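Reading the structure
The chain contents come next:
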Protein chains: 2
Amino acid sequence: MKTPSSLLLLTEALRHLPGVGPKSAQRMAYHLLQHDRDGAALLGRALTQAVDQIRHCSLCNTFTENDLCEVCLDADRDATLLCVVETPTDQLMIEQTLTYKGLYFVLMGRLSPLDGIGPKDLQLEKLIARATDGVVAEVVLATNFTNEGEATAHYISETMKARGLKVSRLARGVPVGGELEYVDAGTIARAMLDRRAT
Amino acid sequence: MKTPSSLLLLTEALRHLPGVGPKSAQRMAYHLLQHDRDGAALLGRALTQAVDQIRHCSLCNTFTENDLCEVCLDADRDATLLCVVETPTDQLMIEQTLTYKGLYFVLMGRLSPLDGIGPKDLQLEKLIARATDGVVAEVVLATNFTNEGEATAHYISETMKARGLKVSRLARGVPVGGELEYVDAGTIARAMLDRRAT
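Residues numbered from 1 in each chain as written. Chains lettered and ligands numbered in written order. Predicted model: local features only at pLDDT ≥ 70, side-chain atom pairs only at ≥ 80, totals over all residues. Heavy atoms only, no water.

The name an unreviewed UniProt entry gives chain A is Recombination protein RecR, with Glaciimonas soli as the organism. Listed under Function (unreviewed entry) in UniProt, the entry text for chain A is "May play a role in DNA repair. It seems to be involved in an RecBC-independent recombinational process of DNA repair. It may act with RecF and RecO." The record held by UniProt for chain A lists under Sequence similarities (unreviewed entry) the comment "Belongs to the RecR family." (UniProt positions renumbered as here; feature names shortened; annotations may be inferred.)

1. Regarding the domain arrangement of chain A
On domain assignment, one finds that chain A holds domain 1 (5-53) and domain 2 (69-166). Relative to domain 2 of chain A, the C-alpha centre of domain 1 of chain A lies at a distance of 34 Å. (Domains from an automatic or database assignment.)

2. Things to note about the interface of chain B and chain A
Think of interface size as the accessible area that goes away when the parts come together; that is how it is often given. At the junction of the two partners, chain B supplies 51 residues and chain A supplies 51 residues. Summing the contributions of chain B and of chain A, the shared interface buries around 5000 Å²; its carbon and sulfur component is 67%. Linking chain B with chain A are zero salt bridges. Across the chain B-chain A interface, the total number found is 14 residue pairs in polar contact (both at pLDDT 80 or more). When contributions to the side of chain B that touches chain A are tallied by element, the ones reaching two or more residues are α1 (5-14), α2 (22-35), α3 (37-53), β1 (55-56), β2 (63-64), α4 (70-73) and α5 (88-97) of chain B. Here the element with the most residues in the side of chain B that touches chain A is α3(B); it accounts for 14 residues. (Contact = heavy atoms within 4.5 Å. Buried area = accessible area lost by both parts, 1.4 Å probe. Salt bridge = Lys/Arg side-chain N within 4 Å of Asp/Glu carboxyl O. Polar contact = N/O pair within 3.5 Å; in protein donor to acceptor, adjacent residues only side chain to side chain. Helix = DSSP H or I, 4+ residues; strand = E, 2+ residues; numbered from the N terminus.)

3. Examining α1(B)
Within α1(B), the full set of buried residues consists of Ser6(B), Leu7(B), Leu10(B), Thr11(B), Ala13(B) and Leu14(B). The buried side chains of α1(B) occupy one side of the element, clustering within an arc of 165° when seen end-on. On the buried face of α1(B), the contacting elements are α3 (37-53) and β2 (63-64) of chain A together with α2 of chain B. (Buried < 20%, exposed > 50% of the residue type's maximum accessible area, 1.4 Å probe, protein only. Arc of directions from axis to C-beta.)

4. Here we look at the sheet that holds strand β3 (residues 78-85) of chain B
All names here are of chain B. Pairing is parallel in the open sheet, where four strands are placed in the order β4-β3-β5-β6. At either end of the open sheet lies a strand with only one pairing partner, and these are β4 (102-106) and β6 (166-169). With direction set aside, neighbouring strand axes in the sheet form an average angle of 25°. For β3 and strand β5 (residues 138-141), the ladder comprises four bridges, and the chain directions are parallel. Counterpart to Leu82 in the pairing with β5 is Val139. Each of β3, β5 and β6 is contacted by helix α7 (residues 147-161), which is oriented at about 165° to β6, the strand it contacts most. (Pairing = 2+ DSSP bridges. Axes fitted to C-alpha atoms, helices over the stretch in contact; angles between N-to-C directions.)

5. Quick word on unusual backbone geometry
All names here are of chain A. With a phi angle near 60°, Leu98 is a residue other than glycine that sits in the positive phi range. Its place among the elements puts Leu98 in the loop between α5 (88-97) and β4 (102-106). For Gln123, which is not glycine, the phi dihedral falls at a positive 55°. Within the secondary structure, Gln123 sits in the loop between β4 and α6 (124-131).

6. Observations concerning the UniProt feature "domain: Toprim" (unreviewed entry) in chain A
Annotation from UniProt places "domain: Toprim" (unreviewed entry) at residues 80-175 of chain A. What you have in residues 80-175 of chain A is 34% helix and 20% strand, and the ends, taken at the C-alpha atoms, are 28 Å apart.

7. Things to note about the pairing of strand β3 (residues 78-85) of chain A
All names here are of chain A. With five bridges connecting them, β3 and β4 associate as parallel partners. Residue pairing for β4: Cys83 is matched across the bridge by Tyr104. One crossover worth recording links β3 to the parallel β4 by way of α5, and it is right-handed. (Right-handed = clockwise from strand over helix to strand, strands pointing away.)

8. Focus: the packing of aromatic side chains
Applying the stated rule across the entire model yields four aromatic pairs over all chains. Between Tyr30(A) and Phe63(B), the ring centres sit 5.6 Å apart and the planes meet at 45°, which makes this aromatic pair tilted. On the criterion of chain membership, the pair formed by Tyr30(A) in helix α2 (residues 22-35) and Phe63(B) in strand β2 is interchain, its members lying in two chains. Residue placement shows Arg169(B) over the ring face of Phe145(B); its charged tip is 4.0 Å from the ring centre. (Phe/Tyr/Trp six-rings, centres within 6.5 Å; stacked < 30°, edge-to-face > 60°. Lys NZ or Arg CZ within 6 Å of the ring centre and 35° of its normal.)

The structure is reproduced here in structure tokens:
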């Protein structure tokens, strides 16, 4: 008994999605063909269109359909500040705070030697070229506060300082609304070391 | 800050996959565009092709690229036996046992009132037409032994008996290699009631 070849191809292709193994891929293929053919056709078109149209902003490296993204084109932004984030989602989170009016650089990842992601995979040359354009005065590191994010921040910090740029990092401390009883000791220790005069 | 429209479309379209919510969809879209554009293009083509080419076998209802599937076209099979299964995977499992040489009907689902799947959604008219072709003499019910599978088997059994067909069900009992100590009481009870003379 042979499975139709286009069904086999679809099941194989679904495994390119992160976190999808052979069983999930088969379940997805059956679901789409049995219950949601319109959704499958839509997804097929959306994939083809996105691969065709989405590229990286030549300044900040985020996803865009043009040469430059909307943020980089915004003349009202403070071009002396460059905030480095891991993903477009992180950038969006910072935008929502309305506290930052500078520009961004989106790494699209983090250093992660265990996953084989080194400085070369992160387009750090592009970041260095961007930060040393003569206009940027301060690099704000806003990578995550995970081990990989911290290592990435440390690496970029050293690289930027060697080029005479001012480098800062988002403050660590007790979250807004946090109760000390429920905050981990590492965070309290950091908040104590970084205490501010009021 | 706006996300590019083809990226938004892709993230929305990925949510048609079963079990994929907004966060997973975004993670999948970023992963494909950042790390696996070839995979994304391949998946796009595979989806379009599968939607275009895969249809249901007009006899047994399984997925096929032609009017009739390979199994239904096989003249060596015993056309008096019709085995009813829930999915093509279940059919494959039975084929691998090499103990059954009859034909199949694939429900592509099971009765599940809680999910709103009733007799009409399961193409049971197609099954009735298939089973009452004058050649089929025995319907072998091989739906799963879950609550929904048992209910589906019961419903089909009543429908088929009303039309004068012989109906059988896969035997329940202790699995091959099973140790009584680790088999649940319901299975042992069933095996005791269905005990066979040796």
